[in-house]
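Secondary and tertiary structure notes
Residue-level listing of the chains:
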Amino acid sequence: MSHPRQYIDEDKVKSLMTLRQLFWRLWPYMSRYKGSVYTIVAMVLVFTALGRVMPYLFGYAVDNGVAVKDMSIVVKIAIAYFLCEMTRVTLGLLHTFRMEKLGNRVLFDLRETLINHVQRLPTQYFDRNPTGRIVTRVTNDVLSLGDLFNQGFTAIFVCTLEMVAISVAMLLLSPVLTAWTLALAPLAAYLSIKVSQRARFYFSETKKKMAQQNAFTAESLNGMKVLQLFAQTHTRQNRFGELSNDYKEAQLNTVRQFALLWPIIGFFNVVTVASALLFCSLYQESLGLTIGQITTFLLLVQSFYQPIRTLLERYNQFQNSLAGADRIFTLLSEPTESEAGQMISVGDIEFKDLSFRYSPQDQYALSNVNMKIERGQSVALVGRTGSGKSTFISLLQKLYPISEGAIEISGVPLHDISILSLRRQLGVVQQDPFIFKGTLLSNITLHDESMSEERAKIALLRVGGGKILNRSDAGMKMRIEERGSNLSVGEKQILSFARVLAHDPKILILDEATANVDSESEKIIQSATDEVMKNRTCIVVAHRLSTIVKCDKIVVLDKSKIVEVGRHEELLAKDGLYAKYYNAGLAQNDLTI
């Protein structure tokens, strides 16, 4: 029984990640390049320190140059200012370049980790999540982290240091004046944080809507032929319009919240500078500040909100990156298939009191199955749709964890066997084989560099693929379009048989491999079937009688249970369910059961 695919309606994340949490999640990747990280930190420290020196240079020039009309001091300060500014420009360029370079390295490693993780996720994860959503994680969400590296981390580090440095510099000049001037700063911070929290929510909504739109688009493109045949493209277009409008509204809500931040920061900037001017003019003597020191203080006050403004300019980018990071690390937290276990040499396969259901709410797809398949034996599985055939072979491939009972191979329970060891000894030919865009060679070898072109070619010829090979002068380098669109159904099956034969598995599973082919192709594929079944343990899920009768054992499944076992002649003699299937097929002049 094939279980229903359960999609998640909402693209939920498990947490709302902060910048601090994100930094520590990324640190294992960044720590691989500690030299670059420490160099960037050093350059940023010098960059920030030079920025705070310049207001003092202006103040010194006013008190010791302009006030006493000593222009030589002014000239020297001008030269010092020029050198400081040029050094800052150079350091700004260098630390930005090095941060982007570091970011590209980290994202490359993260993307490799993400792809590797996705390939090791269990089948249940792909049953629950549409392809478009997963593609969004690997592409858009990783790209959003790239934006954070390009400007984000540097901006956060530089602006935070600048605010601290400006505050310290102001306190050194006059603690009292600093306290009066920055009295409203906590209120500004509070309001900014409240607005930012609302914006964060809308950013998450935006990412969710984007993932839904991508998933819908991917599904529509994959099913385009069906939509066109049933003239339903307009309905899908209408639905896409609804999803696109939802995304637009979520994006506009984000923009509205972000727009509120500018008036807040602008208002407090004006109030702060005006307060500094007022207090300096009224209490200059009591404060004990010179004109140059007042000039320095005013320059520091005016620059206090600039780093905040810069952070707000990056805010959109930060939230986009954080929303993407939530989804990336939520995906990375999904449990993968365990690769631990024993290496085995394939022998007998035994099913012991095996029962299985896809979820506690579902009925049993297999119930109390007991059977032994001896090494080298061929077994056919027969039964109506939903009787448990597909579940039977899915469990053998370790695609789902076994609920009750056990499957043993060579006496070793399946859960104790390494997945790599098991699947390297399994070959599967499906009813609808997946063909990759590439060449004949790459579709047979699956880019296994240890397999020679000659071996792949021999395998193709042995399963009757000479006609395919001769279609093009390119031979094994013949181009194959996406999903094998330039091949017939029968040719795709032949290619999948060649793939199995070339990899030489010990256990062969034929999952209704001849169900969708014409009679002429079936003859070729039947010959290919005989070829690949030689000297292998074979499990055949088939409707075609011609595929079944040659098997050593036929297992009849009905309502998730084994009801009959025997050879073709024995089961006919029993006059049971198998005989009923067989006679019904003959009566309809159709050699399928």
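Calculation criteria
- Residues numbered from 1 in each chain as written.
- Predicted model: local features only at pLDDT ≥ 70, side-chain atom pairs only at ≥ 80, totals over all residues.
- Heavy atoms only, no water.
- Helix = DSSP H or I, 4+ residues; strand = E, 2+ residues; numbered from the N terminus.
- Buried < 20%, exposed > 50% of the residue type's maximum accessible area, 1.4 Å probe, protein only.
- Contact = heavy atoms within 4.5 Å.
- Areas by Shrake-Rupley, 256 points an atom, 1.4 Å probe, with all protein chains shown as cover.
- Lys, Arg positive; Asp, Glu negative; His and termini not counted.
- Charge placed at Lys NZ, Arg CZ, Asp CG, Glu CD.
- Phe/Tyr/Trp six-rings, centres within 6.5 Å; stacked < 30°, edge-to-face > 60°.
- Lys NZ or Arg CZ within 6 Å of the ring centre and 35° of its normal.
- Pairing = 2+ DSSP bridges.
- Salt bridge = Lys/Arg side-chain N within 4 Å of Asp/Glu carboxyl O.
- Axes fitted to C-alpha atoms, helices over the stretch in contact; angles between N-to-C directions.
- Parallel < 35°, antiparallel > 145°, perpendicular 65-115°, else oblique.
- Nonpolar A, V, L, I, M, F, W, Y, C, P; charged D, E, K, R; others polar.
- Left-handed = near helix turned anticlockwise from the far one by under 90°.
- Polar contact = N/O pair within 3.5 Å; in protein donor to acceptor, adjacent residues only side chain to side chain.
- Arc of directions from axis to C-beta.
- Patch = residues over 30% accessible without salt bridge, like charges linked within 9 Å, V, L, I, M, F, W, Y side chains within 5 Å.

Moving on to the overall build of the protein. When helices and strands are counted, the protein shows 22 helices and 12 strands. Counting only C-alpha atoms and orienting by the principal axes, one finds that the protein spans roughly 120 × 50 × 50 Å. Counting the 593 residues in the protein, one finds 47% classified as buried. Within the protein, contacts between residues at least 6 apart in sequence are counted, and of these 78% link residues at least 24 apart. Per element, the accessible surface of the protein, about 30,000 Å² overall, is 57% carbon and sulfur. Of the charged side chains in the protein, 65 are positive and 56 negative, and the gap between their average positions amounts to 4 Å.

This part is about the packing of aromatic side chains. Under the counting rule described, the total for this entry stands at nine aromatic pairs. Geometrically, the ring pair formed by Phe23 and Trp24 is edge-to-face, given 5.3 Å between the ring centres and 75 degrees between the ring planes. On the basis of relative accessibility, which here comes to 27%, the residue Phe23 falls in the partly exposed class. Among the residues examined, Trp24 registers a relative accessible area of 52% and is labelled exposed. Seen from the ring of Phe47, Arg88 lies directly overhead, with NZ or CZ sitting 4.0 Å from the centre.

Quick look at the environment of Phe149 now. With respect to the secondary-structure elements, Phe149 resides in helix α5 (residues 131–173). Residues Phe149 and Val106 lie 43 residues apart in sequence; the distance between their C-alpha atoms is 9.1 Å. Leaving out residues up to four positions away in the same chain, Phe149 has contacts with Leu26, Met30, Met99, Gly103, Val106 and Leu107.

The next subject is the sheet that holds strand β5 (residues 412–413). Across the sheet, four strands lie side by side as β2-β1-β4-β5; this open sheet has antiparallel pairing. Because the sheet does not close on itself, it has two edges, and the strands there are β2 (366–373) and β5. With five bridges joining them, strand β1 (residues 349–356) and strand β4 (residues 404–409) adopt antiparallel strand pairing. Bridged to Glu350 within β4 is Glu408.

Our next topic: the pattern of salt bridges. What the rule picks out here adds up to 11 salt bridges. A salt bridge links Asp109 to Arg32; the nearest nitrogen and oxygen atoms lie 3.2 Å apart. In this pair, Asp109 is assigned in helix α3 (residues 71–119) and Arg32 in the loop between α1 (19–30) and α2 (34–66), connecting sequence segments 77 residues apart. Here Glu162 and Arg52 are joined by a salt bridge, their closest N and O atoms 4.0 Å apart. A residue pair is termed long-range when its members are at least 10 positions apart, and Glu162 in helix α5 and Arg52 in helix α2 qualify at 110 residues. Looking at Arg52, the relative accessible area reads 13%, which means it is buried.

Now for the sheet that holds strand β9 (residues 507–511). Pairing within the open sheet is mixed, and its six strands lie in the order β6-β9-β10-β3-β11-β12. Looking along the sheet, the strands with just one partner apiece sit at the ends: β6 (426–429) and β12 (561–566). Along the sheet, successive strands turn relative to each other by an average axial angle of 20 degrees, direction set aside. Looking at chain direction, strand β3 (residues 378–382) and strand β10 (residues 537–541) are connected through four bridges and run parallel.

With that settled, consider the packing of α1 against α3. Direction vectors running N to C along α1 and α3 enclose 95 degrees, while the axes themselves pass 9 Å from each other. By the angle between their directions, the pair α1 and α3 is classed as roughly perpendicular. Where α1 abuts α3, its residues Leu26, Tyr29 and Met30 lie against Leu102, Val106, Asp109, Leu110 and Thr113. Here the contact of α1 with α3 is built from residues that sort into six nonpolar, one polar and one charged.

Turning next to the packing of helix α16 (residues 453–462) against helix α18 (residues 489–503). The geometry of α16 relative to α18 is characterised by a closest axis approach of 8 Å and an angle of 130 degrees between their N-to-C directions. In terms of orientation, α16 and α18 fall into the oblique class. The interaxial crossing formed by α16 with α18 has right-handed handedness. Taking contact as the criterion, the partners of Arg455, Ala459, Leu460 and Arg462 in α16 are, on α18, Ile494, Leu495, Ala498, Leu501, Ala502 and His503. Looking at the contact of α16 with α18 residue by residue, the class counts come to seven nonpolar, one polar and two charged.

Moving on to the side chain of Glu564. With respect to the element layout, Glu564 can be found in strand β12. Look at Glu564: it is buried, it has no salt bridge, and the nearest opposite charge is Lys574 at 6.5 Å. Here the side chain of Glu564 touches Leu577 through a polar contact of 2.7 Å, landing on its backbone nitrogen. Discounting chain neighbours no more than four positions away, the residues touching Glu564 are Ile554, Val555, Val556, Leu571, Gly576, Leu577 and Tyr578.

Once that is clear, we can look at α1. All of the buried residues in α1 are Leu22, Leu26, Tyr29 and Met30. Along α1, the residues classed as buried sweep out an arc of 80 degrees about the axis, all on the same side. Of the exposed residues in α1, the ones pointing more than 90 degrees away from its buried face are Arg20 and Trp24.

Secondary-structure assignment places Arg536 in the loop between α19 (519–532) and β10. Filtering out sequence-adjacent residues up to four positions away, Arg536 remains in contact with Gly376, Gln377, Leu501, Asp504, Pro505, Lys506, Leu508 and Glu531.

The subject of this paragraph is a nonpolar patch on the surface. Among the surface-exposed residues, Phe58, Val75, Ile79, Tyr81, Phe82, Leu83, Met86 and Leu299 lie close enough to one another that they form a single nonpolar patch of about 730 Å² accessible area. In terms of residue count, α3 provides more of the nonpolar patch than any other element does, six residues in total. Turning to its location among the elements, Phe82 is positioned in helix α3.

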